[in-house]
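Residue-level structural notes
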Amino acid sequence: MSISNEIVLRPRFKIELNHGNACILKTFEDAKATSKIYKIVRVDDHVFIRLPTHEQQFWSPQLHLEITALDDKTSTLHGLFGPNPTVWTMFMFLHFLVAGLFIAFGIWTYTNWTLKNPYGFPLGLMLLMVVVWFGLYFAGRFGRAKGKEEMHGLYDFMDMTLKTNGLI
């Protein structure tokens, strides 16, 4: 399975496997002990693969795998690429902050307009929030582009781990 060249904000994929989830989870537990390139963390049916802390950059992605048992002999692997949860939370907080300020400045502008007071300053602040929004958008695109190569490396590592153990 290959990833297309178009990288979306949080790419997802799904793989049907002809093995039980315990076997697949054990494979990643074994890879955890032998991998020197990636840090692997397992929590229940979830596996997180990321670069070691000393090699991570601000935009470094992580791969979240959820292995769901369909029955004793088949499973579904759901993969999700995304930034570090702390970075994602901060980025979403900034988006909500800008949206809230835009609405507040809009109310201020409308109030001044209806009271026939000068409303140029709050209108300027509204336009500034639009510019900040575009700045956040381009910062996200920049981060996605910087993490693209690492994302492909994470996927290739997962794919190699599954193929080496005959699970794909």
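Residues numbered from 1 in each chain as written. Predicted model: local features only at pLDDT ≥ 70, side-chain atom pairs only at ≥ 80, totals over all residues. Heavy atoms only, no water.

**Topic: the overall build of the protein chain**
This is how it is decided: The way it works is that DSSP assigns letters per residue, a run of H or I at least four long becomes a helix, a run of E at least two long becomes a strand, and they are numbered from the N terminus. A radius of gyration in this sense is built from C-alpha atoms; the matching globule rule multiplies 2.2 Å by the number of residues raised to 0.38. The classification of residues rests on relative accessible area computed with a 1.4 Å probe and restricted to protein chains. Under 20% of the type maximum is buried, over 50% is exposed, and intermediate values are partly exposed. Should any heavy atoms of two residues lie within 4.5 Å, those residues are considered in contact. Charge convention: Lys and Arg are scored as positive, Asp and Glu as negative, and His as well as the terminal groups of each chain are ignored. To locate a charge, take NZ of a lysine, CZ of an arginine, CG of an aspartate or CD of a glutamate.
For the protein chain, the count of helices and strands is three helices and five strands. Mapped from its N terminus to its C terminus, the protein chain presents α and β elements in the order β-α-β-β-β-β-α-α. Whereas a compact globule of 168 residues would reach a radius of gyration of roughly 15 Å, the protein chain reaches 22 Å, over 25% beyond that. The principal-axis extent of the C-alpha atoms belonging to the protein chain is close to 75 × 35 × 25 Å. Relative to its full complement of 168 residues, the protein chain shows a buried share of 35%. Long-range pairs, those at least 24 residues apart, make up 58% of the contacts in the protein chain with a sequence separation of at least 6. Positive and negative side-chain charges of the protein chain, numbering 16 and 14 respectively, have mean locations separated by a distance of 8 Å.

**A word on the packing of helix 1 (residues 21-34) against helix 3 (residues 120-164)**
Counted only if it meets this: Here, axes are lines fitted to C-alpha atoms. For helices the fit covers the stretch in contact, and angles between N-to-C directions go from 0 to 180 degrees. Roughly parallel means an angle under 35 degrees; roughly antiparallel means over 145; roughly perpendicular covers 65 to 115; every other angle is labelled oblique. Note on convention: near helix rotated counterclockwise from far helix by under a right angle means a left-handed crossing. Clockwise means right-handed. Residues are sorted three ways: Asp, Glu, Lys and Arg are charged, Ala, Val, Leu, Ile, Met, Phe, Trp, Tyr, Cys and Pro are nonpolar, and all the rest, Gly among them, are polar.
Contact geometry of helix 1 with helix 3 gives a least axis separation of 10 Å together with a crossing angle of 115°. If you check the angle between helix 1 and helix 3, you find them roughly perpendicular. Here helix 1 and helix 3 pass one another in a crossing that is right-handed. Each of I24, T27, F28 and A31 in helix 1 lies in contact with helix 3, whose residues at this interface are F157, M158, T161 and L162. Among the residues forming the contact of helix 1 with helix 3, the class breakdown is six nonpolar, two polar and no charged.

**Examining the sheet that holds strand 5 (residues 75-83)**
Quick note on the threshold: Here, a strand pair is defined by DSSP locating no fewer than two bridges between the strands.
The strand order 1-5-4-3-2 describes an open sheet built from five strands, whose pairing is antiparallel. The open sheet has two edge strands, strand 1 (12-17) and strand 2 (39-43), and neither has a second partner. When strand polarity is set aside, the average angle formed by the axes of neighbouring strands in this sheet is 20°. One ladder, built from five bridges, connects strand 2 with strand 3 (residues 46-50); its direction is antiparallel. Paired with R42 across the bridge in strand 3 is V47. Lying over the sheet, helix 3 contacts strand 1, strand 2, strand 3, strand 4 (61-69) and strand 5, oriented at roughly 35° with respect to strand 4.

**Some words on the pairing of strand 1**
Residue alternation in strand 1 divides its side chains into a buried set, F13, I15 and L17, and an unburied set, R12, K14 and E16. Looking at chain direction, strand 1 and strand 5 are connected through six bridges and run antiparallel. Residue pairing for strand 5: R12 is matched across the bridge by L80.

**Things to note about the nonpolar core**
Most often, soluble globular proteins have nonpolar side chains that are buried together. Heads up, the rule is: Buried Ala, Val, Leu, Ile, Met, Phe, Trp, Tyr and Cys residues form a nonpolar core when they are joined through side-chain atoms within 4.5 Å.
Ranked by size, the top nonpolar core spans 24 residues in total, and within it F13, I49, L65, L77 and M158 carry the most contacts. Broken down by secondary-structure element, the contributors of at least two residues to this core are strand 1, helix 1, strand 3, strand 4, strand 5 and helix 3. It is helix 3 that contributes the most residues to this core, six residues altogether. The contact partners of M158, leaving out residues within four places of it in the chain, are F13, I15, F28, I49, L63, L65 and L77.

**Considering the packing of helix 2 (residues 85-114) against helix 3**
Relative placement of two packed helices is described by the angle separating their axes and the distance separating the axes. Contact pair helix 2 / helix 3: the axes reach a minimum separation of 8 Å and the direction vectors enclose 160°. In terms of their interaxial angle, helix 2 and helix 3 are classed as roughly antiparallel. Seen from above, helix 2 lies across helix 3 with left-handed handedness. Only F121, P122, L123, L125, M126, M129, V130, V132, W133, L136, A139 and G140 of helix 3 make contact with helix 2, whose side of the interface consists of F91, L94, H95, V98, A99, L101, F102, F105, G106, W108, T109 and N112. A class-by-class count of the residues in the contact of helix 2 with helix 3 yields 19 nonpolar, five polar and no charged.

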